[in-house]
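# Close look at the chain arrangement
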Amino acid sequence: MTQPCFMTMGELSAKLEAGEVTSEEAVLSYIERINSVDEKINAYVTVDREGAIEQARDADRLRASGSKGPLLGAPLAIKDLVTTRNLRTTCGSKILENFIPPHDAFVIEKLKQAGAVVLGKTNMDEFAMGSSTETSYFGPTRNPWDTDKIPGGSSGGSAAAVAADLCAAALGSDTGGSIRQPSALCGIVGLKPTYGLVSRFGLVAFASSLDQIGPMTKDVTDSAILLSAIAGHDPNDSTSADRPVDDYTAALDKGVSGMNIGVAEEYFTEGIDPEVDSSVRNAISVLKEQGANIKTVSLPHTKYAVPTYYVIAPAEASSNLARYDGVKYGYRSESPKGLMEMYKKTRMEGFGPEVKRRIMLGAYALSAGYYDAYYLKAQKVRTLIRNDFVDVFKEVSAIISPTTPAPAFGIGEKSDDPLQMYLSDIFTISCNLAGIPGLSLPCGFTSGGLPIGAQIQGDFFSEPTVLRVARALEKGLKLDGGKPAINQDG
Ligand code: GLN
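Criteria and thresholds
Residues numbered from 1 in each chain as written. Predicted model: local features only at pLDDT ≥ 70, side-chain atom pairs only at ≥ 80, totals over all residues. Heavy atoms only, no water. Buried < 20%, exposed > 50% of the residue type's maximum accessible area, 1.4 Å probe, protein only. Helix = DSSP H or I, 4+ residues; strand = E, 2+ residues; numbered from the N terminus. Polar contact = N/O pair within 3.5 Å; in protein donor to acceptor, adjacent residues only side chain to side chain. Pairing = 2+ DSSP bridges. Axes fitted to C-alpha atoms, helices over the stretch in contact; angles between N-to-C directions. Parallel < 35°, antiparallel > 145°, perpendicular 65-115°, else oblique. Contact = heavy atoms within 4.5 Å. Salt bridge = Lys/Arg side-chain N within 4 Å of Asp/Glu carboxyl O. Near = heavy atom within 4 Å. Nonpolar A, V, L, I, M, F, W, Y, C, P; charged D, E, K, R; others polar.

To continue, consider helix 7 (residues 220-230). The periodicity of an α-helix, 3.6 residues per turn, causes residues three or four positions apart to be oriented the same way. Of all the eleven residues making up helix 7, nine are buried; the element is thus mostly covered by neighbouring parts of the structure. Buried residues of helix 7: V220, D222, S223, A224, I225, L226, L227, A229 and I230, and no others. Between the side-chain oxygen at the start of helix 7 and the backbone nitrogen of T221 there is a gap of 3.4 Å, and the oxygen is on D219. Residue G232 follows helix 7 closely and has a positive phi angle near 135 degrees.

Written out as structure tokens, the structure reads:
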């Protein structure tokens with residue numbers, strides 16, 4: 001039998017159900033693999049070896065007494081900005097280096113109720129600000145397909161952990177692309193749900209009008225399974241939608257025959273890498289072969305998405321990050337002279353350069369005299385971007401595009417050029433500004449063997465359709481790009 005760590009979550013779940021493997025054996029197989037592989041990629045900030053074994057034994061006992069479920073005993077990794085009770089949650093920052101939350105996030109409670117095992121917490125760009133996982137206080141994560149390359153970000157640790165078989169599946173968060181972009185660059189499936197579908201209670205806030213938690217998995221079926229477990233109304237998050245949770249697995253295999261699928265010219269811009277372009281066009285032809293009607297659509301305000309996001313997200317971040325002042329929790333500067341100096345030195349020493357840049361940009365955009373010119377204007381453009389999608393979804397059920405303009409770039413290549421870094425999210429940001437769901441799945445490989453991702457976006461709360469299109473594509477493409485380089489000896 002394949003070692004449990006190399007199975008998808010669905011496969012592992014079937015083996016657990018059949019009694020062919022126990023959750024404890026699965027956890028031990030992951031721990032062994034983390035011990036031998038993670039020093040090469042640095043996907044985890046914290047591995048809870050003992051806690052995970054205990055949780056696995058609990059899951060095995062529950063199963064022995066008749067409990068069932070797709071997540072019962074499944075070992076998962078959690079991005080390190082989702083709070084976990086009694087387990088360190090750092091947000092990739094020195095300021096929270098030793099923060100041990102007193103409570104579980106809503107999604108963690110849901111996962112624990114479903115019997116899932118939390119293996120550990122994954123590396124990320126500091127406070128989720130970045131596209132490469134290089135801004136983490138705990139050092140960069142490396143791409144399992146080529147360790148000289150970045151894994152994408154900010155959920156780069158989760159993406160690398162899934163790709164390198166260091167967990168069965170993971171959770172990430174996405175404010176402007178942080179689930180989908182690293183998923184594309186690491187060859188896995190990542191879904192950003194509709195705004196309001198998954199509660200953010202216990203998600204450390206970056207930009208509250210954009211943040212969503214979502215699944216990062218080895219295949220589309222796992223994505224549907226994990227989404228089913230974490231979606232749902234939560235009175236503790238006032239933006240949580242009070243609507244019944246759909247069945248995300250039921251329609252997965254219904255295919256795309258007769259479905260209208262849009263291709264927006266704005267996503268095939270000049271700067272796009274030729275291999276990304278041809279691989280996504282191939283994916284479009286596969287959907288066509290399966291009976292989808294491919295329609296050209298237009299999202300005319302797409303070009304304003306990056307500048308709009310870089311006003312709104314930093315503005316919200318500057319407000320959300322005001323709470324890290326050294327008073328109640330987190331890092332505090334040693335022996336300051338007086339309260340003001342304590343605040344200043346704590347923040348100066350505790351935050352890294354990218355976080356400081358965002359706080360300054362945001363505070364500037366919100367300051368008297370500039371508020372109308374920048375923040376208010378950005379909010380108006382945001383409505384135009386959202387309305388583009390509302391119009392297009394009158395004609396089509398989903399939109400297919402590249403997830404990123406290029407495959408994974410080299411570690412250090414864009415660290416000194418924030419603007420180039422910000423442009424990595426050019427195709428993922430509109431989705432957050434509009435609040436719609438977006439999923440990235442592998443659609444091919446470059447000649448150098450790096451994964452390429454296709455993005456499927458859908459209307460508000462149309463996750464069942466988005467997943468169905470993705471599943472059809474996954475089946476039609478029958479990708480076999482081998483395994484990440486890091487797995488070849490494993
Ligand atoms: N890369 C984008 C940023 O740096 C998006 C990050 C995210 O989605 N958390 O803000």
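Turning to the sheet that holds strand 3 (residues 117-122), a few remarks are in order. Spatial strand order, 1-3-2-4-6-5-10-11-9-7-8: eleven strands in an open sheet with mixed pairing. What marks the edges here is a single partner per strand, and that holds for strand 1 (44-47) and strand 8 (293-297). Averaged over all neighbouring strand pairs, the angle between strand axes comes to 30 degrees, with direction disregarded. Here three bridges tie strand 7 (residues 260-264) to strand 9 (residues 398-402), and the two strands are oriented parallel to one another.

The geometry of helix 4 (residues 106-113) relative to helix 7 is characterised by a closest axis approach of 8 Å and an angle of 110 degrees between their N-to-C directions. Comparing their axes, helix 7 and helix 4 come out roughly perpendicular. Residues F106, V107, K110 and L111 of helix 4 lie in contact with helix 7, whose contacting residues are L226, A229 and I230.

Of all six residues that make up strand 4 (residues 169-174), six are buried, and the element is covered over most of its length. Sheet topology note: the strand 2 (residues 75-79)/strand 4 ladder contains three bridges and is parallel. Of the residues in strand 4, the one forming a bridge with L76 is A169. As paired elements, strand 4 and strand 6 (residues 212-217) share six bridges and run antiparallel to each other. When the bridges of strand 6 are listed, A170 appears paired with M216.

Now for the pattern of salt bridges. Oppositely charged side chains can pair when the atoms bearing their charge come close. The final tally for this structure, using the stated rule, is 21 salt bridges. The partner of K345 in a salt bridge is E341, with the nearest N and O atoms 3.8 Å apart. Taken as a pair, K345 and E341 lie in helix 10 (residues 339-350) at a separation of four residues, close to a single helical turn. Exposure remark for K345: the relative accessible area of 26% places this residue in the partly exposed category. Via salt bridges that share partners, D253, R471, E474 and K475 belong to a single interconnected network.

Around the ligand there are 15 residues in total, and T175, G176, S178, Y309 and D425 lie nearest to it. The separation between an oxygen atom of the ligand and a polar main-chain atom of G176 is 2.6 Å. Backbone polar atom of G177 to an oxygen atom of the ligand: 3.3 Å apart, as the coordinates give it. Residue composition of the shell around the ligand, grouped by class: five nonpolar, seven polar and three charged.

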